[in-house]
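Each chain, written out:
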Amino acid sequence: MSKAQTSIKTEDGRVFYDMAVADNPCFACGACCYHYRVSFYHGELDSQPGGFVPADLTSPVTPFLACMRGTENGHSRCIALQDNGQCSIYARRPSTCREFPAYTTDGDANPECNRLRKIYGLPLRK
Ligand code: SF4
Ligand code: SF4
């Protein structure tokens, strides 16, 4: 695990990743925020009890799923991704984003990050 990346195991067995702003390689990247449909359980929306993701930045997918607006069809920019590469709702981003690690457990760059970075013409991370 990279020193910059911390992991938290949730009560339901999921693993969420987090990083300090200063050491966060995602803040000069955003490739995954361009690539996938970022969908998640609608209970995470701040319009639901205990939810935290800004609902006005999302679109409905099914009665129980929402996605970040802009990512509905994939290969398109998430509305929360700013021009400087930073997520404008980092502390309130959905679980889908929290589960995608920038580093492997060995501390190397996640190969999936580099696959995406290559697609978008960004230099590969180490
Ligand atoms: S592709 Fe990897 S490095 Fe880039 S923003 Fe996503 S998780 Fe971060
Ligand atoms: S919510 Fe933030 S981290 Fe998640 S896809 Fe959008 S810009 Fe990226």
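Up top is the structure these notes are about.
Just so you know, the residues in each chain are numbered from 1, in the order the chain's sequence is written. Each chain gets a letter, beginning with A, and each ligand a number, beginning with 1, in the order they are written. Totals for whole chains, interfaces and linings use all residues, but because this is a predicted model, local features are given only for residues with pLDDT of at least 70 and pairs of side-chain atoms are given and counted only at 80 or more. Note that the side-chain values use all heavy atoms of the structure and ignore hydrogens as well as water.

**Student:** Summarise the overall build of the protein chain; cite the residues concerned and give the values.
**Tutor:** Strands here are runs of E lasting at least two residues and helices are runs of H or I lasting at least four, both read from the DSSP assignment and numbered beginning at the N terminus. Helices and strands together make up the secondary structure of the protein chain, namely three helices and five strands. Helices (α) and strands (β) of the protein chain occur, in sequence order from the N terminus, as β-β-α-β-β-β-α-α. Within these notes, the globule rule equals 2.2 Å times the number of residues to the 0.38 power, and the radius of gyration is based on C-alpha atoms. For the protein chain, the C-alpha radius of gyration of 14 Å lies close to 14 Å, the compact-globule estimate for 126 residues. Projected onto its principal axes, the C-alpha coordinates of the protein chain cover approximately 40 × 35 × 20 Å. Each of the 126 residues in the protein chain was classed as buried or not, and the buried ones make up 39%. Put simply, 51% of the contacts in the protein chain that link residues at least 6 apart link residues at least 24 apart. Positive: Lys, Arg. Negative: Asp, Glu. His and the chain ends are not part of the count. Taken as the charge centre is NZ of Lys, CZ of Arg, CG of Asp or CD of Glu, depending on the residue. Side chains of the protein chain give 14 positive and 13 negative charges; the mean places of these two sets differ by 6 Å. Classification of residues uses two cut-offs on accessible area relative to the type maximum, computed with a 1.4 Å probe and protein chains only: under 20% is buried, over 50% is exposed, and between them is partly exposed. Contact definition: two residues touch when any of their heavy atoms are within 4.5 Å.

**Student:** Hey, could you go over the site of ligand 1 for me, with residue numbers and the actual values?
**Tutor:** Being near a molecule or strand, for a residue, comes down to having at least one heavy atom within 4 Å of it. The immediate surroundings of ligand 1 are formed by Cys26, Cys29, Gly30, Cys32, Phe100, Cys113 and Arg125. All residues other than Ala, Val, Leu, Ile, Met, Phe, Trp, Tyr, Cys, Pro, Asp, Glu, Lys and Arg, Gly among them, are scored as polar; the first ten of these are nonpolar and the last four charged. Looking at the shell around ligand 1 residue by residue, the class counts come to five nonpolar, one polar and one charged.

**Student:** Residues and numbers for unusual backbone geometry, please.
**Tutor:** Phi angles above zero are rare outside glycine, and His75 is one such case at about 55°. In this structure, His75 sits in the loop between strand E5 (65-68) and helix H2 (95-98). Exposure remark for His75: the relative accessible area of 60% places this residue in the exposed category.

**Student:** Before we move on, could you go through the sheet that holds strand E3 (residues 39-41) and cite the residues and values that matter?
**Tutor:** Spatially, three strands are ordered E3-E5-E4 in an open sheet, and the strand pairing comes out antiparallel. Strands with a single pairing partner mark the edges of an open sheet, and in this sheet they are E3 and strand E4 (58-62). Neighbour to neighbour, the strand axes of the sheet diverge by 35° on average, direction disregarded. Any two strands with at least two DSSP-identified bridges between them are counted as paired. With four bridges connecting them, E4 and E5 associate as antiparallel partners. The residue of E5 that forms the bridge with Ser59 is Cys67. Under this scheme, a helix contributes an axis fitted over its contacting stretch, all axes are lines through C-alpha atoms, and angles between N-to-C directions fall in the 0 to 180 degree range.

**Student:** Help me get a handle on the environment of Pro54, residues and values and all.
**Tutor:** Within the fold, Pro54 resides in the loop between E3 and E4. In the structure, Pro54 is positioned ten residues away from Glu44 in sequence and 8.9 Å away in space, judged by C-alpha atoms. What Pro54 contacts, discounting residues up to four positions off in sequence, is Asp46, Ile89 and Arg92.

What is shown is where atoms sit, not what they do.
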